[in-house]
Amino acid sequence: GNSVTQMEGPVTLSEEAFLTINCTYTATGYPSLFWYVQYPGEGLQLLLKATKADDKGSNKGFEATYRKETTSFHLEKGSVQVSDSAVYFCARNNYGQNFVFGPGTRLSVLP
Amino acid sequence: GAVVSQHPSWVICKSGTSVKIECRSLDFQATTMFWYRQFPKQSLMLMATSNEGSKATYEQGVEKDKFLINHASLTLSTLTVTSAHPEDSSFYICSVPSGGATEAFFGQGTRLTVV
């Protein structure tokens, strides 16, 4: 079935370090891919998305490229900040518009 | 501003009581809404699809008699956790799909604690 696998944390980085969170998906059809972020005590917020192969989603310094050949959508940021501490979820949508989420990766950024 | 409003944001209830969670689509009409559950340190899992004017569709393993879903209007879906038990303690979150199946808007979530 459809699934999303992502690097499980927790990930702890120092401020200004480079971040990569790996994400791969099982491919049936041509899903749209997403990264959602959940700050402590809050709901999900869309961070970025890509709707077709080779698209690059970007927002707030985060980027991810839809790689069909490797079925991947890795999240990167060149210089993380303390305020980026949160849980990050990779997701794909299914036909019918519900989502399949990865297990989430908790990121802690230390000053 | 928020596209989806979920209420309450947190609730504590006693075992055996029922709790109702509301999910409102603020900006547009939604014939379909989705309800997810997130256990501590785990991912979100789809519980059910709420369909306006008809019965909800439940995922395998989700008890429809325990998690009652009502989608009586195009802007409101409710999830009622009946006869709640401590193992029902979780974070419940609803979503409303946007047009074109490329995005969804999520509510703020409801943290339910059953004591």
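Anything mentioned here points back to the structure above.
Residues numbered from 1 in each chain as written. Chains lettered and ligands numbered in written order. Predicted model: local features only at pLDDT ≥ 70, side-chain atom pairs only at ≥ 80, totals over all residues. Heavy atoms only, no water.

(A) Looking closely at the side chain of Lys77 of chain A. Residue and element names in this part refer to chain A. Its location among the elements puts Lys77 in strand β9 (residues 75–77). Reaching out from Lys77, the side chain makes a polar contact with the side chain of Asp84 at a distance of 2.8 Å. Once residues lying within four places of it in the same chain are set aside, the contact partners of Lys77 are Ala17, Phe18, Leu19, Lys60, Gly61, Phe62 and Asp84. (Helix = DSSP H or I, 4+ residues; strand = E, 2+ residues; numbered from the N terminus. Polar contact = N/O pair within 3.5 Å; in protein donor to acceptor, adjacent residues only side chain to side chain. Contact = heavy atoms within 4.5 Å.)

(B) Structural detail: the sheet that holds strand β8 (residues 76–81) of chain B. Residues and elements named next belong to chain B. Judged by pairing direction, the sheet is antiparallel, and its 4 strands sit side by side in the order β1-β3-β8-β7 without closing on themselves. Each of the sheet's edge strands pairs with one partner strand only, and the pair in question is β1 (4–7) and β7 (67–73). The sheet shows a mean angle of 15° between the axes of neighbouring strands, taken without regard to direction. Note that β1 and strand β3 (residues 19–25) share 4 bridges and pair antiparallel. By the bridge assignment, Gln6 is partnered in β3 with Cys23. (Pairing = 2+ DSSP bridges. Axes fitted to C-alpha atoms, helices over the stretch in contact; angles between N-to-C directions.)

(C) Structural detail: the interface of chain B and chain A. Taken together, the contact pairs 19 residues of chain B with 19 residues of chain A. Across the interface of chain B and chain A, roughly 1,500 Å² is buried in total on both sides, 55% from carbon and sulfur atoms. Joining chain B to chain A, the criterion identifies 0 salt bridges. Applying the counting rule to chain B against chain A returns 4 residue pairs in polar contact (both at pLDDT 80 or more). Secondary structure elements with two or more residues in the side of chain B that touches chain A: β4 (32–38), β5 (44–51), β9 (90–97) and β10 (104–106) of chain B. Partitioned by chemical class, the residues of the side of chain B that touches chain A number 10 nonpolar, 8 polar and 1 charged. (Buried area = accessible area lost by both parts, 1.4 Å probe. Salt bridge = Lys/Arg side-chain N within 4 Å of Asp/Glu carboxyl O. Nonpolar A, V, L, I, M, F, W, Y, C, P; charged D, E, K, R; others polar.)

(D) Looking closely at the nonpolar core. Trp35, Leu47, Leu48, Phe73, Leu75 and Tyr88 of chain A are the most contacted members of the largest nonpolar core, which has 26 residues in total. At the level of secondary structure, the elements contributing two or more residues to this core comprise β2 (11–14), β3 (19–21), β4 (23–25), β5 (33–38), β6 (44–50), β8 (62–65), β10 (86–93) and β12 (105–110) of chain A. Every residue in contact with Leu48 of chain A, bar those within four places of it in the chain, is listed here: Leu33, Phe34, Trp35, Gly57, Ser58, Asn59, Phe62, Glu63, Ala64, Phe73 and Leu75 of chain A. In terms of nonpolar packing, the next biggest core, distinct from the first, is built from 24 residues, Ala48, Tyr92, Val96 and Val114 of chain B among them. (Core = buried A, V, L, I, M, F, W, Y, C linked by side-chain atoms within 4.5 Å. Buried < 20%, exposed > 50% of the residue type's maximum accessible area, 1.4 Å probe, protein only.)

(E) Geometry of the pairing of β12 of chain A. All names here are of chain A. Covered by surrounding structure in β12 are Thr105, Leu107 and Val109 only, the residues Arg106, Ser108 and Leu110 on the alternate face being uncovered. Pairing of β2 with β12, which is carried by 4 bridges, proceeds in the parallel orientation. Paired with Leu13 across the bridge in β12 is Val109.

(F) Representation of the sheet that holds β3 of chain A in the model. Residue and element names in this part refer to chain A. A sheet is described by the order of its strands in space; here 4 strands give the open sequence β3-β9-β8-β7, paired in antiparallel fashion. Looking at strand neighbours, the two that pair on one side only are β3 and β7 (56–59), the edges of this open sheet. The mean angle between the axes of side-by-side strands here comes to 15°, regardless of whether they run parallel or antiparallel. With 3 bridges joining them, β8 and β9 adopt antiparallel strand pairing. In the sheet register, Ala64 faces β9, and the bridge partner there is Leu75.

(G) Local environment of a nonpolar patch on the surface. Residues and elements named next belong to chain B. A grouping of Trp10, Ile12 and Val115 is seen on the molecular surface, where their side chains present a nonpolar patch of about 370 Å² in accessible area. When you line up the elements, Val115 lands in the segment after β11 (110–114). Since its relative accessible area comes to 56%, Val115 is described here as exposed. (Patch = residues over 30% accessible without salt bridge, like charges linked within 9 Å, V, L, I, M, F, W, Y side chains within 5 Å. Areas by Shrake-Rupley, 256 points an atom, 1.4 Å probe, with all protein chains shown as cover.)

(H) Up close: the packing of aromatic side chains. In total, this model carries 14 aromatic pairs over all chains according to the counting rule given. Their ring planes at 45° and their centres at 6.0 Å tell us that Tyr36 of chain B and Phe106 of chain B sit as a pair that is tilted. One end of the pair, Tyr36 of chain B, is in strand β4; the other, Phe106 of chain B, is in strand β10, with 70 residues separating them in the sequence. Classification of Phe106 of chain B as buried rests on a relative accessible area of 10%. Grouping aromatic residues by their ring pairs yields a cluster made of Phe34, Tyr36, Phe89, Phe99 and Phe101 of chain A together with Tyr36 and Phe106 of chain B. (Phe/Tyr/Trp six-rings, centres within 6.5 Å; stacked < 30°, edge-to-face > 60°.)

The analysis is restricted to geometry; functional conclusions fall outside its scope.
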